[in-house]
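Summary of the model geometry
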Amino acid sequence: VIARSGAAELSFGRAAGDSVRVTGRFTEFSGSFENPMGGAVRADAGAIRGEFVARLDARGRLAFERVPELDASARQVAGSVEELVRSLFVMLPGRPVARGASWVDTLRVRETADQVTTTATRVVTTTWAGDSAVGGRTLRVLRSRSTHELEVAGSAQGMEVRQRLSGTGSGTALWDAERG
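So, here is what we can say about the structure in this document. All values derive from a computational prediction rather than experimental measurement.

Here we look at the overall build of the protein
Counting its secondary structure elements, the protein contains two helices and 11 strands. Listed by position from the N terminus, the elements making up the protein come as β-β-β-β-β-β-β-α-α-β-β-β-β. Over its C-alpha trace the protein gives a radius of gyration of 17 Å, about what one expects of a compact globule, namely 16 Å for 180 residues. With respect to the principal axes defined by its C-alpha atoms, the protein has extents near 55 × 30 × 25 Å. Expressed as a percentage of contacts within the protein between residues at least 6 apart in sequence, the contacts between residues at least 24 apart total 51%. Looking at the protein as shown, the accessible area adds up to about 10,600 Å², and 47% of this sits on carbon and sulfur atoms. Side-chain charges in the protein split into 24 positive and 21 negative, and the spacing between the mean points of these groups amounts to 5 Å.

Below, the structure written as structure tokens:
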């Protein structure tokens, strides 16, 4: 069983083209990975060192310039550092959609660190569920449901490791269409 939650401090600036430069760091993180064969692994914000810098395009896709370092416990709980950061941003359809419309995105990340290769696949279905008013602005309510697969293979602490995990997730984001 994998459980995780967290918060990040983000700042945004101009980047080339239609992209925005995002700089961030995790201010809170709590996660656990429980395996009946190997016990529990826990990670907190101290297991994520440094900030990330990425370009975020109009569809919500990220191109990384710098990623934080994860210690071994955070890697087991979070999988890929890029997948952890990507989970902070909603993917957009890249075309006009009507209220009630849904779109599907598949994200695959493969990362190797310390003789362990992690492959994360997330299939996200997002729906424009309606609108909400916040501070006098109308924001689009985007609801997401996702399936996750995580494959880990390699050598860790002198043992050969091969694991395949799967799960589901959900989320809600508010999107300001006027600001883009």
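Next, the rest of the story.
Things to note about the sheet that holds strand S11 (residues 159-175)
Sheet architecture is open: four strands sit in the order S8-S9-S10-S11, paired in antiparallel fashion. Taken across any chain shown, the strands that pair with only one partner, and hence form the sheet edges, are strand S8 (102-113) and S11. Strand after strand, the sheet turns through a mean of 15° between neighbouring axes, direction not considered. Sheet analysis places strand S10 (residues 137-156) next to S11, joined by 17 bridges and oriented antiparallel. When the bridges of S11 are listed, threonine 147 appears paired with threonine 168.

Quick word on the pattern of salt bridges
For side chains bearing opposite charge, pairing can occur when the charged atoms are close. For the structure on display, the rule yields 11 salt bridges. Note that arginine 49 and glutamate 69 form a salt bridge whose closest N and O atoms lie 3.8 Å from each other. Pair noted here: arginine 49 is in strand S4 (residues 48-49) and glutamate 69 is in strand S7 (residues 69-70), with a separation of 20 residues, a long-range link. Classification of arginine 49 as partly exposed rests on a relative accessible area of 40%. Three or more residues joined by partner-sharing salt bridges are found here, namely Arg21, Arg55 and Glu65.

Here's the deal with empty space enclosed by the protein
Across all of its chains, the model carries one cavity of 30 Å³ or more by this definition. Considering only enclosed or pocket space, the largest cavity measures out at about 40 Å³ in volume. Around the largest cavity sit Gly60, Arg61, Leu62, Arg86, Phe89, Met91, Leu107 and Arg122, which together line it. Within the lining of the largest cavity, the residues separate by chemical class into four nonpolar, one polar and three charged.

Quick notes on the pairing of S8
Two strands pair when backbone bridges link them, and S8 and strand S9 (residues 116-134) are joined in this way by 12 bridges, in the antiparallel orientation. For arginine 108, the partnering residue across the bridge sits in S9 and is threonine 121. Counting the residues in the hairpin turn of S8 and S9 gives two residues, including aspartate 114, whose phi is positive at 50°.

Things to note about the packing of aromatic side chains
What the rule picks out here adds up to one aromatic pair. Judged by centre distance (6.2 Å) and plane angle (50°), the rings of phenylalanine 26 and phenylalanine 52 are tilted. Taken together, the residues phenylalanine 26 in strand S2 (residues 20-35) and phenylalanine 52 in strand S5 (residues 52-56) connect sequence positions 26 residues apart. Taken individually, phenylalanine 26 and phenylalanine 52 each receive the classification buried, so the pair is uniform in this respect. Cation over ring: arginine 140 sits above tryptophan 128, and NZ or CZ is 4.2 Å from the ring centre.

Some remarks on the nonpolar core
Ranked by size, the top nonpolar core spans 20 residues in total, and within it Ile48, Leu70 and Leu84 carry the most contacts. Of all the secondary-structure elements, those providing two or more residues to this core are S2, strand S3 (39-44), S5, helix H1 (72-78) and helix H2 (81-86). In terms of residues, this core owes the most to one element, S2, which gives four residues. Apart from residues lying up to four places away in sequence, leucine 84 is in contact with Arg4, Phe26, Phe29, Ile48, Leu70 and Ala78.

Thresholds applied
Residues numbered from 1 in each chain as written. Predicted model: local features only at pLDDT ≥ 70, side-chain atom pairs only at ≥ 80, totals over all residues. Heavy atoms only, no water. Helix = DSSP H or I, 4+ residues; strand = E, 2+ residues; numbered from the N terminus. Rg over C-alpha atoms; globule rule 2.2 N^0.38 Å. Contact = heavy atoms within 4.5 Å. Areas by Shrake-Rupley, 256 points an atom, 1.4 Å probe, with all protein chains shown as cover. Lys, Arg positive; Asp, Glu negative; His and termini not counted. Charge placed at Lys NZ, Arg CZ, Asp CG, Glu CD. Pairing = 2+ DSSP bridges. Axes fitted to C-alpha atoms, helices over the stretch in contact; angles between N-to-C directions. Salt bridge = Lys/Arg side-chain N within 4 Å of Asp/Glu carboxyl O. Buried < 20%, exposed > 50% of the residue type's maximum accessible area, 1.4 Å probe, protein only. 1 Å grid on protein atoms, 1.4 Å probe; cavity = no way out; pocket = protein on both sides within 12 Å on 5 of 7 lines; lining within 4 Å. Points joined across faces, edges and corners; volume = space filled by probe spheres on them. Nonpolar A, V, L, I, M, F, W, Y, C, P; charged D, E, K, R; others polar. Phe/Tyr/Trp six-rings, centres within 6.5 Å; stacked < 30°, edge-to-face > 60°. Lys NZ or Arg CZ within 6 Å of the ring centre and 35° of its normal. Core = buried A, V, L, I, M, F, W, Y, C linked by side-chain atoms within 4.5 Å.

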